[in-house]
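Here are the chains, one letter per residue:
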Amino acid sequence: MLRSMYSGISGLKNLQTKLDVIGNNVANVNTYGFKKSRVTFSDAMNQTVSGASAAIANKGGTNSKQIGLGSTIATIDTIHTQSSLQTTGRDLDLGISGDGYFVVKQGDSLSYTRAGNFYLDDNGTLVNANGLKVQAYQIDENGKRSKTIGDVAVNVNAILPAITTTKISVSGNLASDAIDGTVFSQQMKVVDKKGKEQTATIYFQKNGDDKWELFDEEPAALGDNSATKPKPFTSVNFDANGQIVSADKTQAGQTINISSGNEDDSDTAVDESVQKVNLDFDFSNLTQVKGSTTALVNPDGNKEGKLESFNIGSSGEINGVYSNGLITTLGQLAVAKFSNASGLTKTGGNTFQESINSGTANINIAGEGRGVIASGSLEMSNVDLSEEFTEMIVAQRGFQSNSRIITTSDEILQELVNLKR
């Protein structure tokens, strides 16, 4: 009789734990990145009244007789299923679509989270709601990613220095069936040594079979032999297949005139409205075949720019947008993956930490065996209220049933005590 009471007590304790877990799930139904938990039970030790016997010649075998001693908690699992993403429109709200966790750091300790509601602190460091620093790979000026992760710092006062134009790439096509003397022009913006943007125009003029000449001012008509006609700063030759000849693919140090941004002083012999610059030309992507003339000139260099905004791409790249129109990558967010995510330990504040059974964090970038990052979105809690309420009803009825075992056993014991009266 006492066994039934203690079995009932074990059931009450376990179902109370189940209700505690359900209560925590329901309390976090609106917690971003929250992962619900569940409780599973197993039967406790069984008392063997008699063991099993084998069959003999005149008698069949018998099964063992065992009385269970109640239930016990088998596991309290964290369910890491993907939840839906809610669009917020805020650039620093990030969700992961697929596997993986954002990496955050406090001191020397790394934690992991699915809650991507991040902020910039007063130092421009990207942090979560509790001040833990978001970790990312640094990107150098050549676009190469570092091997180690570190804090993300966004300097909102950053200035991208001016870079003088030194090279012009010419691509596209010059029509092979154009008549001799045809002129095609392209305007471009170049940056001078003072960091100022100036306008320049390149003129292409066909001058014979498979030959084009380039000018920095409008060329004269063919046959004009006047002493004042503009001189080409180079000629470009093509073979019979319309491909640039090897000797003309790259031409270094071509001197051309560009606008200086100043007005010409008529009192001097020097034209102050123009300035001479030496530029390298790359013609390797230029062709001459039949069809339209589509040649494009693409100068390098840029004027000074101030950081106006930044955004985060699907692979976690943090892109700074500058006032000069350039976009540079400031870093790339790190994303961690685990061989056994259910083995992670909850540490509060929407964070997890490694445990001895979770496996070591495999940290890389989004999209390489991991989920992609959705900027302007947050992952909702994966708690399903209909499921939780159903589990609550089941736990309540189980609790009531176990309490009936105790009260019924108590009444029978009372009858046993009354036998002596």
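Everything quoted here is computed from the prediction, not taken from an experiment.

How each quantity is defined
- Residues numbered from 1 in each chain as written.
- Predicted model: local features only at pLDDT ≥ 70, side-chain atom pairs only at ≥ 80, totals over all residues.
- Heavy atoms only, no water.
- Helix = DSSP H or I, 4+ residues; strand = E, 2+ residues; numbered from the N terminus.
- Rg over C-alpha atoms; globule rule 2.2 N^0.38 Å.
- Buried < 20%, exposed > 50% of the residue type's maximum accessible area, 1.4 Å probe, protein only.
- Contact = heavy atoms within 4.5 Å.
- Lys, Arg positive; Asp, Glu negative; His and termini not counted.
- Charge placed at Lys NZ, Arg CZ, Asp CG, Glu CD.
- Axes fitted to C-alpha atoms, helices over the stretch in contact; angles between N-to-C directions.
- Parallel < 35°, antiparallel > 145°, perpendicular 65-115°, else oblique.
- Left-handed = near helix turned anticlockwise from the far one by under 90°.
- Nonpolar A, V, L, I, M, F, W, Y, C, P; charged D, E, K, R; others polar.
- Phe/Tyr/Trp six-rings, centres within 6.5 Å; stacked < 30°, edge-to-face > 60°.
- Lys NZ or Arg CZ within 6 Å of the ring centre and 35° of its normal.
- Pairing = 2+ DSSP bridges.
- Patch = residues over 30% accessible without salt bridge, like charges linked within 9 Å, V, L, I, M, F, W, Y side chains within 5 Å.
- Areas by Shrake-Rupley, 256 points an atom, 1.4 Å probe, with all protein chains shown as cover.
- Salt bridge = Lys/Arg side-chain N within 4 Å of Asp/Glu carboxyl O.
- Expected span 1.5 Å × (residues − 1).

Student: Please clarify how the overall build of the chain should be interpreted in this entry.
Tutor: Regarding its fold elements, the chain presents two helices and 30 strands. Whereas a compact globule of 421 residues would reach a radius of gyration of roughly 22 Å, the chain reaches 38 Å, over 25% beyond that. Taken over 421 residues, the chain has a buried fraction of 37%. Once local pairs closer than 6 in sequence are excluded, the contacts in the chain between residues at least 24 apart make up 62%. A distance of 15 Å separates the average location of the 36 positive side-chain charges in the chain from that of its 47 negative side-chain charges.

Student: Would you mind going over the packing of helix α1 (residues 2-27) against helix α2 (residues 385-418) with me for this structure?
Tutor: Two packed helices can be described by the angle between their axes and the distance between those axes. Contact geometry for α1 and α2: axes closest at 8 Å, N-to-C directions at 160°. By the angle between their directions, the pair α1 and α2 is classed as roughly antiparallel. When the axes of α1 and α2 are compared, the crossing they make is left-handed. Of the residues that constitute the contact of α1 with α2, the class distribution is 15 nonpolar, ten polar and three charged.

Student: What exactly am I supposed to notice about the packing of aromatic side chains here?
Tutor: The relative placement of two aromatic rings is captured by the distance of their centres and the angle of their planes. Summed over all chains, the structure comprises seven aromatic pairs. Within the aromatic cluster, the residues linked to one another by ring pairs are Tyr 101, Tyr 112, Phe 338 and Phe 352. One residue, Arg 145, lies across the ring of Tyr 137, its end atom 5.4 Å from the ring centre.

Student: I keep staring at the sheet that holds strand β21 (residues 274-287) and nothing clicks. Help me out?
Tutor: Sheets are built from strands paired through backbone hydrogen bonds, the pairs being either parallel or antiparallel. Across the sheet, four strands lie side by side as β20-β21-β15-β22; this open sheet has mixed pairing. The strands lining the two open edges of the sheet, one partner per strand, are β20 (250-259) and β22 (296-299). On average, each strand axis in the sheet is inclined to that of its neighbour by 35°, with strand direction left out of account. Relative to β21, β20 is paired through eight bridges, and the arrangement is antiparallel. Each bridged residue has a counterpart across the sheet, and for Ile 258 the counterpart in β21 is Gln 275.

Student: Is there a simple way to explain the sheet that holds strand β16 (residues 183-191) in this structure?
Tutor: One open sheet holds the four strands; their spatial order is β16-β17-β18-β19, and the pairing between them is antiparallel. The open sheet has two edge strands with one neighbour each: β16 and β19 (234-237). Strand after strand, the sheet turns through a mean of 25° between neighbouring axes, direction not considered. The pairing of strand β17 (residues 197-206) with strand β18 (residues 211-215) spans four bridges and is antiparallel. Note on β18: the bridge partner recorded for Tyr 203 is Phe 215.

Student: Would you take a moment to explain a nonpolar patch on the surface for this structure?
Tutor: A cluster of nonpolar side chains, namely Leu 2, Tyr 6 and Ile 9, defines an oily patch on the protein surface of about 310 Å² accessible area. Structurally, Tyr 6 is set in helix α1.

Student: Would you mind showing me how to read α1 here?
Tutor: Note: α-helices contain 3.6 residues per turn, so residues at a spacing of three or four share the same orientation. Counted at 1.5 Å a residue, the expected span for α1 with its 26 residues is 38 Å, and the 37 Å between its end C-alpha atoms agrees. Inspection of α1 places Met 5, Ser 7, Gly 8, Ser 10, Gly 11, Leu 12, Asn 14, Leu 15, Lys 18, Val 21, Ile 22 and Asn 25 among the buried residues, and these make up the whole buried set. Contacts from the buried residues of α1 go to β1 (37-43), β3 (65-68), β4 (71-78) and α2.

Student: What's the story with the pattern of salt bridges in this structure? I'm lost.
Tutor: Oppositely charged side chains can pair when the atoms bearing their charge come close. Scanning all chains against the criterion turns up seven salt bridges. Two residues, Glu 391 and Lys 18, come together in a salt bridge whose shortest N-O distance is 2.8 Å. Remark: Lys 18 occurs in helix α1 and Glu 391 occurs in helix α2; sequence separation between them is 373 residues. Between Lys 35 and Glu 379 there is a salt bridge, with the nearest N and O atoms lying 2.6 Å from each other. With a gap of 344 residues between them, Lys 35 in the loop between α1 and β1 and Glu 379 in strand β30 (residues 377-379) connect regions that are remote in the sequence. Here Lys 35 and Glu 379 have matching classes, each one buried.

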